[in-house]
Amino acid sequence: MIKKHKVIFTLIVLIVIILIIGGIQFHKSRYQDLYIYDTNDTIIELFEHNIKDFNDYVDRFKNHTMWDSYYEKTGDSDFVNYKGFKKYTTDEEFQFLDSFYQKYHPTFWGRKSLGFYAKSGHVRLIKDEELMTKTQMDIKKAKESGATVENYDYGWICIVYPRSEMNSMDKD
């Protein structure tokens, strides 16, 4: 009788371990490692010196179907892992995304925006030449939360969020 309980207990423990490992693997496949810059200024400087690359990113992907296809498949509108776009892009497009990630390390990807984390806060870059209502609301909300907003050429808006004790992503 005791041997039977040990076998059942061992099987339960093995099942739990397998589920934990499976959950970790699923999480890793959905999210990329979080790259954290030293300062917000580092991100801004990188953007300022490479604004044409950022324009190229938006020009290539602002009207791309990958956004909708990815959302329809996953139900997740929090685009944090560019690798999830592989099946919705051509090899050339995905190579561009991979190269862009290797060079700039965005944490969040959007049709016309990118997000980056730093030890000192985080930066969101939005390209919106027409200043759509959603962008206006994002700017207003950012300013209310203590962020600074800077306008750049080609319709780029840079929102710099200071380190927040409320946001666990901003912590070391």
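Up top is the structure.
None of these values were measured; they are calculated from a predicted model. All residue numbers here refer to positions counted from 1 along the written sequence of the relevant chain. In view of the model being predicted, local features appear only for residues whose pLDDT reaches at least 70, and side-chain atom pairs are presented and counted only at 80 or more, with totals across whole chains, interfaces and linings using the full set of residues. Each side-chain value is worked out from all heavy atoms of the structure, with water and hydrogens disregarded.

**Student:** Please clarify how the packing of aromatic side chains should be interpreted in this entry.
**Tutor:** Each aromatic ring pair is characterised by the separation of its centres together with the angle its planes make. Ring geometry is summarised as follows: Phe, Tyr and Trp rings, the Trp one being its six-membered ring, pair when their centres sit within 6.5 Å, and such pairs are stacked at plane angles under 30 degrees, edge-to-face over 60 and tilted between the two. If you walk through the whole model with that rule in mind, you get 22 aromatic pairs. With 5.3 Å between their ring centres and 70° between their planes, phenylalanine 47 and tryptophan 156 make a pair best called edge-to-face. Taken together, the residues span a long stretch of sequence, with phenylalanine 47 in helix H2 (residues 40-49) and tryptophan 156 in strand E6 (residues 156-162) at a distance of 109 residues. Under the scheme applied here, a residue whose accessible area is under 20% of the maximum for its type counts as buried, over 50% as exposed, and between as partly exposed, the area being computed with a 1.4 Å probe on protein chains only. On the basis of relative accessible area, phenylalanine 47 is assigned to the buried category, the value being 0%. Ring centres of tyrosine 57 and phenylalanine 61 lie 5.6 Å apart, and the angle between their planes is 45°; on these two criteria the pair is classed as tilted. Pair noted here: tyrosine 57 and phenylalanine 61 are both in helix H3 (residues 51-61), with a separation of four residues, about one helical turn. Put simply, DSSP marks the helices as runs of H or I at least four residues long and the strands as runs of E at least two long, and each gets a number from the N terminus on.

**Student:** Sorry if this is basic, but what is going on with the side chain of histidine 64 here?
**Tutor:** Mapped onto the secondary structure, histidine 64 falls in the loop between H3 and helix H4 (66-74). Reaching out from histidine 64, the side chain makes a polar contact with the side chain of glutamate 93 at a distance of 2.9 Å. Contacts described as polar in this section are N or O atom pairs within 3.5 Å, which, within protein, must combine one atom able to donate a hydrogen with one able to accept it, while residues neighboring in sequence count only if both atoms come from side chains.

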